[in-house]
Protein chains: 2
Amino acid sequence: MKKNMLIGQSGGPTAVINGSLYGAIKEALASKNQIASIYGMVNGIEGFLNNQYIALADLEDTNDLELLRTTPGAYLGSCRYKLPEDLNHKIFKTLFEKFEALNIGYFFYIGGNDSMDTVSKLSRYANEVASDIRFIGIPKTIDNDLVLTDHTPGFGSAAKYVATVVREIVIDASVYDNKTSVTIVEIMGRHAGWLTAASALARRFEGDNPVLIYLPEAPFQVEDFLAKVKQGLKSTPNLVICISEGINDGQGTFVCEYEGAVNVDAFGHKMLTGSGKYLENLIKEKLGIKVRSVELNVMQRCSSLHLSATDLKEAINSGVFAVQVALRGESGKMITFNRHHNNPYELTYGIADVDLICNEEKAVPANWITKEGSDISHEFIEYAKPLIDGEVTLPRDGGLPLFTYRKH
Amino acid sequence: MKKNMLIGQSGGPTAVINGSLYGAIKEALASKNQIASIYGMVNGIEGFLNNQYIALADLEDTNDLELLRTTPGAYLGSCRYKLPEDLNHKIFKTLFEKFEALNIGYFFYIGGNDSMDTVSKLSRYANEVASDIRFIGIPKTIDNDLVLTDHTPGFGSAAKYVATVVREIVIDASVYDNKTSVTIVEIMGRHAGWLTAASALARRFEGDNPVLIYLPEAPFQVEDFLAKVKQGLKSTPNLVICISEGINDGQGTFVCEYEGAVNVDAFGHKMLTGSGKYLENLIKEKLGIKVRSVELNVMQRCSSLHLSATDLKEAINSGVFAVQVALRGESGKMITFNRHHNNPYELTYGIADVDLICNEEKAVPANWITKEGSDISHEFIEYAKPLIDGEVTLPRDGGLPLFTYRKH
């Protein structure tokens, strides 16, 4: 008997999360002998609990499916919603009743480590109640912090944004090159510095800007930082420094907490703002030179013009592969990437137990962080280069990219 | 007797200021029977006063001239330097001695209204001392605030950046569309709101985000603003608001001054930051809803990926035309744009007295600002649309744009 498929998006958006949705829909449409209807959860599992879902198959009859491929954000809407730890909680029974009512056989969730927690709990509950619904996680995060996979869809395009825009900011910061200045670029990354490390790709030669790069993985020391800024200005009058939003003292205190209070989100994460602003004021106060800070903000995760062709292709293939492994009977797995060669770049897709992935964070290896925490090694450059490669041609109308939007 | 040419860049950088430099160099190279050597002032007139200049003709022998075409920033370096008001000041005599020593016959300055002040003073001094050096201004500013010209090079690409990125931010801001939120986007523009107005191009239909747009030209009223935010949230749960950095109360007080002190730059401009942050805190305090502010910061003026083909072509042609009018004997003029048709878009180049342009600012017309200062009329859309049209293919290496850099 044919079953239906349910797919959702969860966590922060990326430039290619809809690429994975596109891939999964395409593969499901190509598997009509096994998959009857394709449903999308609206606002992830949280929306689905409130009966928010839509049919997705009609997208095929319009141009919208092709537009979906290059539309940033989360077409289905997203959520930050954590299922209870206790599998006996009534919410699981409710969810599975809803799944049964819709004749769901295949469940896909595109997200990061918090979203994989949802896949893990649902597949464990399915085991307990002997449900044959298959639960597959499709990785997504600009943070690149999922374990058991070489990298994650979303990272390549965000890394390409960071490398490109930092290269442009370096040019912008150097126009008054007869004067001394410092520019601090704050990049997303609470605990993992992968995306900030990508700023090293902006360099054209050894010692080029950004001269200093700070990740959350290495303890940040204010005195050492100021000394390196003074030193850096001797060779580079318009110094550019890239920092992760989550730089910290190594003892659990974020730099942006040095001055004020901090909020906590639904997953217990500290909500950060202002490490760049803090360091800007510090340099102004201690060194008395011209300084500005720039936040790459949400632009780094939603830029269609900075799509990496490699990243988009891999995101689409993750969606395709997820449907394939579900159809062959897998459950409780996340799609993983295995890199075989850097040059030429060669990748195959695999699966890993989602229980081993959720709630874990993959840090940048300690030996890839150099110069007592202020630089990135050549190994990272070799790792990241293939992931930002290739350009994507966008559908356009009058100079602006064309996107697709869910009907409300 | 053949004369030499001297060219410089001044004021804030743009994505196409090097396009104009490229155009002028190309035309000078094509006019070798009249122009002997091409010199570039390093850091504008300020650097030239310190004998900082370089020969530019050798660029022809390398790939650098072609790379210059699409390199953002200011290849020659820029300055913010105001010549004295008193033409009897010894600095003018010094400058003209330097011009004579280099056998300069043609002087070009690429910049905005402050830079045109330099062209005006030098050409007036030339008249007084009966020098035959010709002084021509090439317009450049993302602010689009020069008078006597339909628009200025630099605006189209910055407007394309704003329209594209605001469209993407709207998507990013709408992923949790089962929750209410406000996103404030702060756009450059101290006194003129042209660039902020370009955010209206991001809309796909009447009433689409950004729902509210505020320019410096209309007085900003806090109570009215809060009422409109509350009203807007009824139809648009994820409300996006675009504001100029220079929004003010209409009495000379900037919104960002409501809370703190302010600096003044070399030209006597107030240095602004934080109107977006101010309104973010205001909404949090008064309405208690989720709110974030995003600064487009320097990215809006240096993005190569958002180059408008129309803007780049016009920037190049401005440089070409400047050399042509200098060779035919004009001086004390700035290149201007005359638009004849919108659809199909048709433009011719002209000249106007630089004395009438410098230190003037062209505001967005009052009748293009609608809904008591919170929206932009259709006339602006028709005006701006052709200026953001067309894509530019960038030279690339490994996924990143390739730029050229002045040798130090």
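Residues numbered from 1 in each chain as written. Chains lettered and ligands numbered in written order. Predicted model: local features only at pLDDT ≥ 70, side-chain atom pairs only at ≥ 80, totals over all residues. Heavy atoms only, no water.

K.L.:
Describe the sheet that holds strand S11 (residues 290-295) of chain B, with residues and values.
P.N.:
All names here are of chain B. One open sheet accounts for four strands, arranged S7-S8-S6-S11; its pairing is parallel. The outermost strands of the open sheet, each flanked by one partner alone, are strand S7 (212-214) and S11. Between one strand axis and the next, the sheet turns by 15° as a mean value, whatever way the strands run. Across six bridges, strand S6 (residues 181-187) lies against S11 in parallel orientation. Bridging from a neighbouring strand, threonine 183 pairs with arginine 292 of S11. Contacts between helix H6 (residues 155-173) and the sheet are confined to S6, strand S8 (238-244) and S11, with S6 contributing the most and set at about 165° to the helix. Its contacts with the sheet place helix H8 (residues 222-235) against S6, S7 and S8, and it is angled at close to 145° to S8. (Pairing = 2+ DSSP bridges. Helix = DSSP H or I, 4+ residues; strand = E, 2+ residues; numbered from the N terminus. Axes fitted to C-alpha atoms, helices over the stretch in contact; angles between N-to-C directions. Contact = heavy atoms within 4.5 Å.)

K.L.:
Which residues make up the relation of the copies chain B and chain A, and what are the values?
P.N.:
Between chain B and chain A, which share one sequence, the superposing operator has a rotation angle of 180° and an axial displacement of 0.0 Å; the RMSD is 0.0 Å. Such a combination of turn and shift is consistent with a two-fold rotation axis. Considering only C-alpha atoms, the residue of chain B closest to the rotation axis is leucine 305 of chain B, which sits at 3.4 Å. The overlap is high: 100% of the interface residues of chain B also sit at the interface in chain A, so the same surface is used on both sides. (Least-squares fit on C-alpha atoms with pLDDT ≥ 70 in both.)

K.L.:
Go over the side chain of threonine 149 of chain B with me, naming the residues and quoting the values.
P.N.:
Residue and element names in this part refer to chain B. Relative to the elements of secondary structure, threonine 149 occurs in the loop between strand S5 (134-139) and H6. Reaching out from threonine 149, the side chain makes a polar contact with the backbone oxygen of histidine 151 at a distance of 3.0 Å. Contacts of threonine 149, omitting those with residues within four sequence positions, involve Met334, Thr336, Phe337 and Lys362. (Polar contact = N/O pair within 3.5 Å; in protein donor to acceptor, adjacent residues only side chain to side chain.)

K.L.:
Please provide a residue-by-residue account of the packing of aromatic side chains, values included.
P.N.:
Residue and element names in this part refer to chain A. Evaluation of the coordinates by the stated rule reveals 44 aromatic pairs over all chains. A ring pair is formed by phenylalanine 107 and phenylalanine 135, whose centres lie 5.0 Å apart and whose planes are at 50°; its orientation type is tilted. Here the residue phenylalanine 107 occupies a position in strand S4 (residues 104-111), and phenylalanine 135 occupies one in strand S5 (residues 134-139), the gap between them amounting to 28 residues. Of the residues examined, phenylalanine 107 reaches a relative accessible area of 0% and is grouped as buried. (Phe/Tyr/Trp six-rings, centres within 6.5 Å; stacked < 30°, edge-to-face > 60°. Buried < 20%, exposed > 50% of the residue type's maximum accessible area, 1.4 Å probe, protein only.)

K.L.:
Account for the state of the cysteines, naming residues and giving values.
P.N.:
All names here are of chain A. If you walk through the whole model with that rule in mind, you get zero disulfides over all chains. Lacking any disulfide linkage, cysteine 256 is separated from the closest cysteine sulfur, that of cysteine 242, by 17 Å. With relative accessibility at 13%, the residue cysteine 256 sits in the buried group. (Disulfide = S-S within 2.5 Å.)

K.L.:
Explain empty space enclosed by the protein residue by residue, including any values.
P.N.:
Applying the stated criterion across every chain, the model contains four cavities of 30 Å³ or more. In this structure, the largest cavity spans a volume of roughly 70 Å³. Taken together, Tyr214, Leu215, Ala218, Pro219, Phe220, Gln221, Asp224, Phe225, Ile247, Glu372 and Gly373 of chain A form the lining of the largest cavity. Each residue belonging to the lining of the largest cavity can be placed in one class, and the counts come to seven nonpolar, two polar and two charged. Each pocket or cavity is described by its volume, and for the second largest cavity that value is around 50 Å³. Every residue lining the second largest cavity is listed: Tyr161, Val165, Glu168 and His306 of chain A together with Tyr161, Met299, Cys302, Ser303 and His306 of chain B. A per-element tally of the lining of the second largest cavity places helix H6 (residues 155-173) of chain A first, with three residues. Partitioned by chemical class, the residues of the lining of the second largest cavity number five nonpolar, three polar and one charged. (1 Å grid on protein atoms, 1.4 Å probe; cavity = no way out; pocket = protein on both sides within 12 Å on 5 of 7 lines; lining within 4 Å. Points joined across faces, edges and corners; volume = space filled by probe spheres on them. Nonpolar A, V, L, I, M, F, W, Y, C, P; charged D, E, K, R; others polar.)

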